[in-house]
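Per-entry structural report
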Amino acid sequence: MLRKTFSKLRDRGGSSIWRVDGIREVYLPPDPTKSRARVKACFSEVYDHARENPYHPDSTTKRTLLLNVHSAALVHFRVGSLWKNGELFFDPQPLPDYFEVDTREAKFVRLSSPISMDGVEVERSIPYSCFRLGKNWHKLSDTYYVHLKVLNSNNRTPLYITLPASEVYRFYVGVSERFASAALTRTLHEYFDKGKSVSSSTSPLLHVNGPISKYESFTLLRALSSEYALSSLYAAHQHLSQTSENNKLRRKEDQEPLVLIPKFPFAGRTKLRVAGTSGYHQEIDPVTGQRIQSIFAMQILHCTHPTTFFDPTIQKDEVISNKRPGRGIYGSSVDLEELGIQDGDAILIEDGPADANIRRISMRTISNRFLALKHLKYNYQNINKIGKKSFMPKSEADPEGFTLGDGNYSSESEGKTGVSGHEHPDEGSSRDISLFIKTIKEIQLFTKSRGWSITTRTLEEKITPGEYNFTSFPEKELAGKLSWYKIKHEPGGPRSRHVVWVEINLQDNYYIYLSELELRPKEGGHSTAIMQTLDFSKMENSTFSKFLKLTAINNRWPDESTYWSNAKDTNAAAKFFDEIFLRKVNHPPFIKKFQKEDAQNDKILNSTENESLPSKWAEYIVEQIDNFINYQSTNAL
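Definitions and cut-offs
- Residues numbered from 1 in each chain as written.
- Predicted model: local features only at pLDDT ≥ 70, side-chain atom pairs only at ≥ 80, totals over all residues.
- Heavy atoms only, no water.
- Core = buried A, V, L, I, M, F, W, Y, C linked by side-chain atoms within 4.5 Å.
- Buried < 20%, exposed > 50% of the residue type's maximum accessible area, 1.4 Å probe, protein only.
- Helix = DSSP H or I, 4+ residues; strand = E, 2+ residues; numbered from the N terminus.
- Contact = heavy atoms within 4.5 Å.
- Phe/Tyr/Trp six-rings, centres within 6.5 Å; stacked < 30°, edge-to-face > 60°.
- Lys NZ or Arg CZ within 6 Å of the ring centre and 35° of its normal.
- Polar contact = N/O pair within 3.5 Å; in protein donor to acceptor, adjacent residues only side chain to side chain.
- Pairing = 2+ DSSP bridges.
- Axes fitted to C-alpha atoms, helices over the stretch in contact; angles between N-to-C directions.
- pLDDT = per-residue confidence, 0-100.

This brings us to the nonpolar core. As a rule of thumb, soluble globular proteins bury nonpolar side chains together. Phe43, Phe77, Leu163, Tyr172, Leu184 and Leu188 are the most contacted members of the largest nonpolar core, which has 76 residues in total. Broken down by element, the residue count for this core peaks at six residues, all from helix 5 (residues 214-225). Apart from the residues within four sequence positions on either side, Leu184 is in contact with Val26, Leu28, Ala37, Ser71, Leu74, Tyr169, Ala236, His237, Leu240 and Leu260. Listed in part, the 30 residues of the second largest apolar core include Ile443, Trp452, Leu514 and Val585.

Here we take up the packing of aromatic side chains. In the structure shown here, the tally under the stated rule is 31 aromatic pairs. Centre to centre, the rings of Trp501 and Tyr513 are 6.1 Å apart; their planes meet at 35 degrees, and the pair counts as tilted. Of this pair, Trp501 sits in strand 29 (residues 498-505) while Tyr513 sits in strand 30 (residues 511-517), and the two are twelve residues apart along the sequence. A single burial state applies to Trp501 and to Tyr513, both of which are buried. Through a chain of ring-to-ring contacts, the aromatic side chains of Phe108, Phe171, Tyr172, Tyr215, Phe218, Phe264, Phe266, Phe309 and Phe370 assemble into a single cluster. Directly above the ring of Tyr98 sits Arg273, whose terminal nitrogen or CZ lies 6.0 Å from the centroid. Directly above the ring of Trp484 sits Arg497, whose terminal nitrogen or CZ lies 4.1 Å from the centroid.

Time to look at the side chain of Ser125. If you trace the backbone, Ser125 turns up in the loop between strand 10 (120-122) and helix 2 (136-139). On the basis of relative accessible area, Ser125 is assigned to the buried category, the value being 1%. A distance of 3.3 Å separates the side chain of Ser125 from the side chain of His147, its partner in a polar contact. The residues contacting Ser125, other than those within four sequence positions of it, are Arg110, Leu111, Ser113, Ile115, His147, Thr162, His281 and Ser294.

Moving on: the sheet that holds strand 5 (residues 82-84). Judged by pairing direction, the sheet is antiparallel, and its five strands sit side by side in the order 4-3-2-5-6 without closing on themselves. Pairing within the sheet leaves two strands with one partner each, and these edge strands are strand 4 (60-70) and strand 6 (87-90). The sheet shows a mean angle of 40 degrees between the axes of neighbouring strands, taken without regard to direction. By the bridge criterion, eight bridges tie strand 3 (residues 38-46) to strand 4 in an arrangement that is antiparallel. By the bridge assignment for strand 4, Ser44 is matched with Thr64.

This next bit is on the sheet that holds strand 16 (residues 313-317). Here three strands make up an open sheet; going across it, the order is 13-16-21 and the pairing parallel. Two strands in the sheet have a free side with no partner beyond their single neighbour: strand 13 (205-208) and strand 21 (379-383). Pairwise comparison of adjacent strand axes, ignoring direction, gives a mean angle of 25 degrees for this sheet. Of the pairings in the sheet, the one linking strand 13 to strand 16 comprises four bridges and is parallel in character.

For the rest of this paragraph, the subject is the confidence of the model for the protein. Of the residues in the protein, 83% have a pLDDT of 70 or more, and the chain-wide mean is 83. The spread of mean pLDDT over the elements of the protein runs between strand 17 (residues 331-332), the lowest at 46, and helix 3 (residues 165-172), the highest at 97. Segment residues 388-392 is flagged for pLDDT under 50; beyond a separation of four residues in sequence, or across chains, it makes 13 contacts in the model. Note on residues 602-606: pLDDT under 50 across the span, and 13 contacts to partners over four residues away in sequence or across chains.

Okay, the environment of Thr528 next. Looking at the secondary structure, you find Thr528 in strand 31 (residues 527-533). By relative accessible area, Thr528 is classed as buried at 4%. C-alpha separation for the pair Thr528 and Phe436, spaced 92 residues apart in sequence, amounts to 10.0 Å. Setting aside residues no more than four positions away along its own chain, Thr528 makes contact with Ser515, Glu516, Trp557, Arg583, Lys584, Val585, His587 and Trp617. A polar contact is formed between the side chain of Thr528 and the side chain of Glu516, at a distance of 2.6 Å.

Structure, rendered in structure tokens:
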């Protein structure tokens, strides 16, 4: 997996662990056609021993960081995420339930202001037990948070969700780095032609100016289908612009801070899947006599709200304008090896402008944020040949650096390659891995008396169908060289296999890992990988990335006896097995039987005869883990 290292955070934060606490001010550029907005991100240092529970009130030191960064970084610096040496290594875990809310009842309130929860005035939006901001509370006191009552709660006392306003903006508008940035400066028109597009509640037509991702087109189509959604697209910009104008008439001490106040793109009920923590306020509900509970949802993972449109069209000119594209706004599929970048490398992301003479790198990750996209089919049209083929910036074989910044032709940007990241919707599993996901839950129940703590880890690609996440093989780094890691014959074209990465804390921070991969249609079952670091410590993301790369090359899980065809792969495998002990456990006969029948007859997992499979498989896996641990203990003597 290609790793992104943010140079400013690495240089200022070093090897300490830093938690994103929130986004403070937004700075609008004097001329949005020449530069984008910037934001200030607030970080708190987390004790190394608290990395397992970084949201506990005593998890942070007194050190904080305030970084002025390009607004595209909003996509990466998500509240609650942990960073070390400038790299992301932890995101808050998903909560198990979907929470039904009504956005018409959403209350946008400053952090420093009290909030009424069912008639009870609550002093602090975020309970101390959920997320203690320490020194950053004052820095973020003027920023806004959204409060929503949970409508499907079984609690005796009312339950509320609190969301950072910056997260509402990131999830619904900032579906890519360039959209997160452009919407703040009202420059999304660079990516579509509003005059040639057609608004319709059922059949909107979007005329695009160049390559566009599915999430980006979905965001624009939603705006073309609803005046309410259209107003939400630029709601944050409108507030910032109006506040900026009003501040010109105020004395400095009376000026309002420029902070994010977005708007939901719809008015009504929806169900949200979130990652975060829950806790109790100090205030007591007078009816039940119990403390009021709320969820601090640091990140939104999934929204179920449907669309009004069902027959959208994406239209483009057969040859996009022959004008030179400004600021290198369009990404490309440049082969990373052409740039001298290998799998596992860290790209150092700088904060300055990019060279508009050099093609930007487009980096795609997989997610499943909008349920409405799952069954939505697009119509595509090519019309009107226009001029000659558009100017295409060159690829730089030996780039002098990488940046999220916009492209220009200044001496400061010379030689710097722009990086544009965007998400792509998950197309679903051709062979459903829900059996293993159900088995994880059974393992958790089976080992409750042992005190095992079980969660799922992901790389940059995060798919959250339920209580547990799964990830996928790193498509960008493997593309063009290998094919086994792909699932073919998909409606949206070939895609990377899904992978489940399970982390089991056996107590006292001793870790064991499981991994299971998705099968192709009619493909025979593989084995479950059980792994540990040599000292049972926590596995780093980069280590698991190496494991997936070796798996893709080997066409199955690797082991120490695997023959590698070249010295490069041989050395990579040797380094990996110097750090990791791995055992492959064959699937038990009853699982192989299910997989064979499922492949041939498309059997449904929830059929009566298969209801007990997750429980039986869980018992089998726990037995194998015990054997694995005993083997390790015996050989350590």
